[in-house]
Amino acid sequence: MSKYFSPRQINKKIFTIAASSAIFLSSCNDKDEEQKQLNMVVIMSDDHSYQTISCFDQRFIQTPNIDRLAAEGVRFTNSFVCNSISGPSRATLLTGKYSHNNGYKENISGIAFDGSQQTVQKLLQAGGYQTAIIGKWHLDGIPTGFDYWNILPGQGDYYNPDLISEKQHDATIPCNQLLDTVRYDGYVTNIITDLSIDWLRNKRDKAKPFCMFVHHKAAHRNWMADTTNIQSFENETIPLQDNFYDDYKGRKAAAKQEMSIDKDMTLIYDLKMLNDSVSDRRYASSYYGYDNSIYGRMNSEQKAAWDKFYQPIIDNFVASDLSGKELAEWKYRRYMRDYLKVIQSLDENIGRLLKELEDEGLLENTVILYLSDQGFYMGEHGWFDKRFMYEESMRTPLVMRLPGCLQDAGNNRSTGRDHHNSTKSDNEPTYRDINQLVQNIDIAPTLLDLAGQPIPEDMDGMSLLPLIKGESTQWRQWLYYHYYEYPAEHSVCRHYGIRTDRYKLIHFYYDIDEWELYDLKSDPHEMNNLYGLTEYDSIVIQLKEMCPEFLYQ
Ligand code: SGN
Ligand code: CA
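Fair warning: this is a prediction, and the values are worked out from it, not measured in the lab.

Turning to the overall build of the chain, a few remarks are in order. When its secondary structure is counted, the chain shows 15 helices and 17 strands. The buried share among the 553 residues of the chain stands at 60%. The contacts in the chain between residues at least 6 apart in sequence include a share of 69% that link residues at least 24 apart. When the accessible surface of the chain is split by element, carbon and sulfur atoms take 47% of a total near 22000 Å².

Our focus in this paragraph is the coordination of the calcium ion (ligand 2). The protein atoms that coordinate the calcium ion (ligand 2) are Asp46 (OD), Asp47 (OD), Asp373 (OD), Asp373 (OD) and Gln374 (OE1), at distances spanning 2.1 to 2.7 Å. The site at the calcium ion (ligand 2) holds 6 donor atoms, and with the angles between them running 52 to 172°, its shape is irregular.

Summed over the entire model, instances satisfying the criterion amount to 37 salt bridges. As a salt-bridge pair, Asp198 and Lys203 come within 2.4 Å of each other at their nearest N and O atoms. Classification of Lys203 by relative accessible area gives partly exposed; the value is 43%. Here the salt bridges share partners, and the residues they tie into one network are Asp47, Asp385, Lys386, Arg387 and Glu485.

What follows is about the sheet that holds strand β9 (residues 366–372). Read across the sheet, 11 strands follow the order β7-β6-β5-β4-β8-β1-β9-β10-β2-β12-β11 without closing on themselves; strand pairing throughout is mixed. Edge positions in the open sheet fall to β7 (179–183) and β11 (413–414), since each of these has one partner strand only. Here 6 bridges tie strand β4 (residues 130–136) to strand β8 (residues 210–215), and the two strands are oriented parallel to one another. When the bridges of β8 are listed, Gly135 appears paired with His215. Seen against the sheet, helix α10 (residues 324–359) touches β1 (39–45), β8, β9 and β10 (398–401) and runs at an angle of roughly 170° to β1.

Looking now at α10. Spanning 36 residues, α10 covers 53 Å between terminal C-alpha atoms, matching the ideal 52 Å at 1.5 Å per step. One or two positions beyond α10, positive phi appears at Gly361, with a value near 70°.

Our focus in this paragraph is the environment of Arg476. Assignment of secondary structure puts Arg476 in the loop between α14 (465–468) and β14 (479–483). The class of Arg476 is buried, set by a relative accessible area of 9%. Spatially, the C-alpha atom of Arg476 lies 8.4 Å from that of Val438, the residues being 38 residues apart in sequence. At a separation of 3.1 Å, a polar atom in the side chain of Arg476 contacts the main-chain carbonyl oxygen of Leu437.

When the pLDDT values of the chain are averaged, the result is 90; 87% of them are 70 or greater. The low-confidence segment residues 30–35, where pLDDT is below 50, has 5 contacts with residues more than four positions distant or belonging to other chains.

Relative to strand β12 (residues 431–434), strand β2 (residues 73–76) runs parallel, the two being bridged by 2 bridges. In the strand pairing of β12, Arg75 is matched with Asp433. In terms of strand pairing, β11 meets β12 through 2 bridges, oriented antiparallel. Following the sheet pairing, Ser414 is matched in β12 by Tyr431.

All right, on to the packing of aromatic side chains then. What characterises a pair of aromatic rings is the spacing of the ring centres plus the angle enclosed by the ring planes. Per the counting criterion, the structure on display carries 30 aromatic pairs. Look at Trp515 and Tyr531: their rings are 5.6 Å apart centre to centre, the planes differ by 15°, and that puts the pair in the stacked class. Of this pair, Trp515 sits in strand β17 (residues 514–519) while Tyr531 sits in the loop between β17 and α15 (537–546), and the two are 16 residues apart along the sequence. A relative accessible area of 19% places Trp515 in the buried class. Here a set of aromatic residues connected by ring pairs shows up, and it is made of Tyr248, Tyr377, Trp383, Phe388, Tyr390, Phe508 and Tyr518. Across from the ring centre of Tyr510, 3.9 Å away, lies the NZ or CZ of Arg494, which sits over that ring.

About the criteria used
Residues numbered from 1 in each chain as written. Chains lettered and ligands numbered in written order. Predicted model: local features only at pLDDT ≥ 70, side-chain atom pairs only at ≥ 80, totals over all residues. Heavy atoms only, no water. Helix = DSSP H or I, 4+ residues; strand = E, 2+ residues; numbered from the N terminus. Buried < 20%, exposed > 50% of the residue type's maximum accessible area, 1.4 Å probe, protein only. Contact = heavy atoms within 4.5 Å. Areas by Shrake-Rupley, 256 points an atom, 1.4 Å probe, with all protein chains shown as cover. Donors = N, O, S within 2.8 Å, 3.2 Å for Na, K, Ca; no water. Tetrahedral: all angles 85-135°; square planar, octahedral: opposite > 155°, others 65-115°. Salt bridge = Lys/Arg side-chain N within 4 Å of Asp/Glu carboxyl O. Pairing = 2+ DSSP bridges. Axes fitted to C-alpha atoms, helices over the stretch in contact; angles between N-to-C directions. Expected span 1.5 Å × (residues − 1). Polar contact = N/O pair within 3.5 Å; in protein donor to acceptor, adjacent residues only side chain to side chain. pLDDT = per-residue confidence, 0-100. Phe/Tyr/Trp six-rings, centres within 6.5 Å; stacked < 30°, edge-to-face > 60°. Lys NZ or Arg CZ within 6 Å of the ring centre and 35° of its normal.

Below is the structure:
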């Protein structure tokens, strides 16, 4: 018998605590008779790495607005996903369940998310909440359980994107005409924020509490900056990751992937080096050629600003005729500069939404969550993209801004530089940290708990509210992970595994049968596979015993 609790066993324990949380919140609200139930705003970005958020890592960029959310609430230092890919992560967010329990295991299956199942938005609606989702949906099919939705089809576009919404005016029209498609002029991050502000100001029923999901396209591939900040980061020094030239020794699945900046990142599509002398696996026409293409859908003003910026870089690149390591490092730095510009816009737009909530007097009654659908590689192991159970993609950033009544629940504060040994400057924000292992299965139960609603027993996650309130509580000791999308783009093998605060055990399967074990304390970058070394046999046995039976399915 394992001495560890399964998620459901712990869930039952927490269920009792959750009930008391609701009592806590209503008494918190009683201080002010005007206050009503808490609102929730869930801001989720796409592919945003914790390495590029300054409250987690100071090396690349300052993100003052995300930092503010954390400084006025909590910073989760050990936040993870259970399947590092968009659709499945979104399905988990809305159901509080692992992929095998909500049925949405991969982006590419062609089967839409089963919208008839239990979701957090439906439960919140039943509890009197108004629900909305704006931006990336990526679950195929039509959203259910939202009073308002306005979503990007598929991955959406950075420039002048189309959004689809339900026709509000006529409930009697046939199903195939239920949708409005509207092309919005401008940059996608600004547009999603504008639509969110519009819903807050003009479209919601102000008599009801609300839960709004703001789902950005940023910072998904191919990392296109807004023309207004396209010049940013060009003169910054971008440090190379220590393991950029990883040789994948002892890690067969890692050696097999196709997400190398050097080998797989394309010059035209990814790095925008359109020139007759540049060869690229993607033909220029699909990127630049026609009206609906990525560049083709820009208006003449946007194109002019784009070309003015990129043309000298293209000319310089062609003249330099780089190869080998010089080319690999040039690609890495070009990628990073584009990515950081996209993050800068994202952070500014989070600031804009925050200001709106503040100006409307909503901050004191609203919990704001910021997270990404998964982590992302910033050149670690030589990679971009995600999918692997390795740290950079299994982790996902998570911070929460809390209303005053929840802000003072703890007092251990630290800075964003903690992990990088640099000196703290005056006025640098400090953060209240939650260090327990948390996962995206926990978001739905947390939202329900914040709303004072019961958490269904079949959700795999647990409410984070007891941790936020600083209560000492029985917490999980391991996380389960399972990635299924293979064979597919980037060639990351199917794998599942378990992560504790110290060890990670992974099994790659399907057309490969490889185990990996890492000691995250001595090897945080997961370069040294310990599986098969006799001195670690007992750890492997212990980890396997810890796993519930579904680990082997
Ligand atoms: C696209 C990208 C991939 C990316 C997937 C999934 N290729 O297919 O690089 O891994 O999305 O991303 S692209 O050539 O079309 O840009 S996810 O975040 O939506 O899961
Ligand atoms: Ca993603």
